[in-house]
Amino acid sequence: MTNQPVLLAPFAASAVSIAMTPQAAGAAPRTVLLAYLIAMAAGVIVLVPEWDAVEGHWLAATAATVLALRVMRLSKAVHLPATAMPVLIGASSAPALTMMVPVALGTVVLVALSGVARRLASPME
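Residues numbered from 1 in each chain as written. Predicted model: local features only at pLDDT ≥ 70, side-chain atom pairs only at ≥ 80, totals over all residues. Heavy atoms only, no water.

Scanning the protein chain for helices and strands turns up five helices and zero strands. Going residue by residue from the N terminus, the α and β elements of the protein chain occur as α-α-α-α-α. Residues classed as buried in the protein chain amount to 39% of the 125 residues present. By element, 72% of the accessible surface of the protein chain is carried by carbon and sulfur atoms, the whole surface being about 7200 Å². (Helix = DSSP H or I, 4+ residues; strand = E, 2+ residues; numbered from the N terminus. Buried < 20%, exposed > 50% of the residue type's maximum accessible area, 1.4 Å probe, protein only. Areas by Shrake-Rupley, 256 points an atom, 1.4 Å probe, with all protein chains shown as cover.)

Next comes the structure, spelled out in structure tokens:
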């Protein structure tokens with residue numbers, strides 16, 4: 001992850017979204033987890049082939065982003081910061097599959113923070 005600091009951008013946007021609107025559907029743990037999983041899967045499926053040698057690399061990244069957003073909408077798990085993942089996979093020099101571990105770990109942390117934020121935002125009984 002230290003060689004891929006650009007991965008922090010969507011996580012930062014997610015953290016702000018979760019902290020500012022913890023009760024919103026897009027900040028729900030299920031939504032955040034599914035959205036990042038869908039975005040990573042779309043990026044890996046579309047970008048795993050050797051696109052470095054192909055001129056359509058950015059076109060593939062765009063197609064992966066559109067695919068991710070469509071699947072997010074169909075699954076009712078839209079978390080917009082996650083849609084940046086396919087583009088970041090396309091822009092990265094690291095193999096797409098090696099980026100899955102730091103993204104998965106980051107997503108778990110976000111989901112944990114989301115749960116804490118929702119508890120803090122709910123009225124005390």
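Grouped together as the largest cluster of nonpolar side chains are 27 residues, with contacts concentrated most on Tyr36, Met72, Met85 and Val103. Among the elements of the structure, helix H1 (8–20), helix H2 (29–47), helix H3 (57–74), helix H4 (85–91) and helix H5 (100–121) are those that each provide at least two residues to this core. Tallying contributions element by element places H2 first for this core, with nine residues. (Core = buried A, V, L, I, M, F, W, Y, C linked by side-chain atoms within 4.5 Å.)

Here we take up the packing of H2 against H3. One can describe the packing of H2 onto H3 by two numbers: an axis separation of 8 Å at closest approach and a directional angle of 145°. Crossing geometry of H2 relative to H3 is assigned as right-handed. On H3, the residues touching Ala35, Ile38, Ala39, Ala42, Gly43, Val46 and Leu47 of H2 are His57, Ala60, Ala61, Ala64, Leu67, Ala68, Val71 and Met72. Looking at the contact of H2 with H3, its residues break down into 13 nonpolar, two polar and no charged. (Axes fitted to C-alpha atoms, helices over the stretch in contact; angles between N-to-C directions. Left-handed = near helix turned anticlockwise from the far one by under 90°. Contact = heavy atoms within 4.5 Å. Nonpolar A, V, L, I, M, F, W, Y, C, P; charged D, E, K, R; others polar.)

Moving on to a nonpolar patch on the surface. Together, Leu69, Val78 and Leu80 line one region of the surface with nonpolar side chains, adding up to about 230 Å² of accessible area. Along the chain, Leu69 falls in helix H3. The class for Leu69 is partly exposed, based on a relative accessible area of 32%. (Patch = residues over 30% accessible without salt bridge, like charges linked within 9 Å, V, L, I, M, F, W, Y side chains within 5 Å. Salt bridge = Lys/Arg side-chain N within 4 Å of Asp/Glu carboxyl O.)

Bringing unusual backbone geometry into the picture now. Despite not being glycine, Lys76 shows a phi value in the positive range, around 55°. When its relative accessible area of 69% is taken as the criterion, Lys76 is described as exposed.

Before going further, it helps to spend a moment on the environment of Ala63. Here Ala63 is to be found in helix H3. Classification of Ala63 as partly exposed rests on a relative accessible area of 41%. Ala63 sits 21 residues away from Ala42 along the chain, and the two C-alpha atoms are 8.8 Å apart.

So, about the side chain of Thr107. Note on placement: Thr107 falls in helix H5. Among all residues touching Thr107, those that are not within four sequence positions of it are Phe11, Val32, Leu33 and Tyr36.

Along the chain, Thr31 falls in helix H2. Setting aside residues no more than four positions away along its own chain, Thr31 makes contact with Ala25, Gly26, Lys76, Ala77, Val78 and His79.

Attention now goes to the environment of Ala64. By the element assignment, Ala64 lies in helix H3. Between the alpha carbons of Ala64 and Gly43 there is a distance of 5.3 Å; along the sequence they are 21 residues apart. Once residues lying within four places of it in the same chain are set aside, the contact partners of Ala64 are Ala42, Gly43, Val46 and Pro86.

Quick look at the environment of Ala19 now. For Ala19, the location among the structural elements is in helix H1. Relative accessible area serves as the criterion here: at 53%, Ala19 is assigned to the exposed category. Each C-alpha atom of the pair Ala19 and Ser114 lies 7.5 Å from the other, and the pair is 95 residues apart in sequence.

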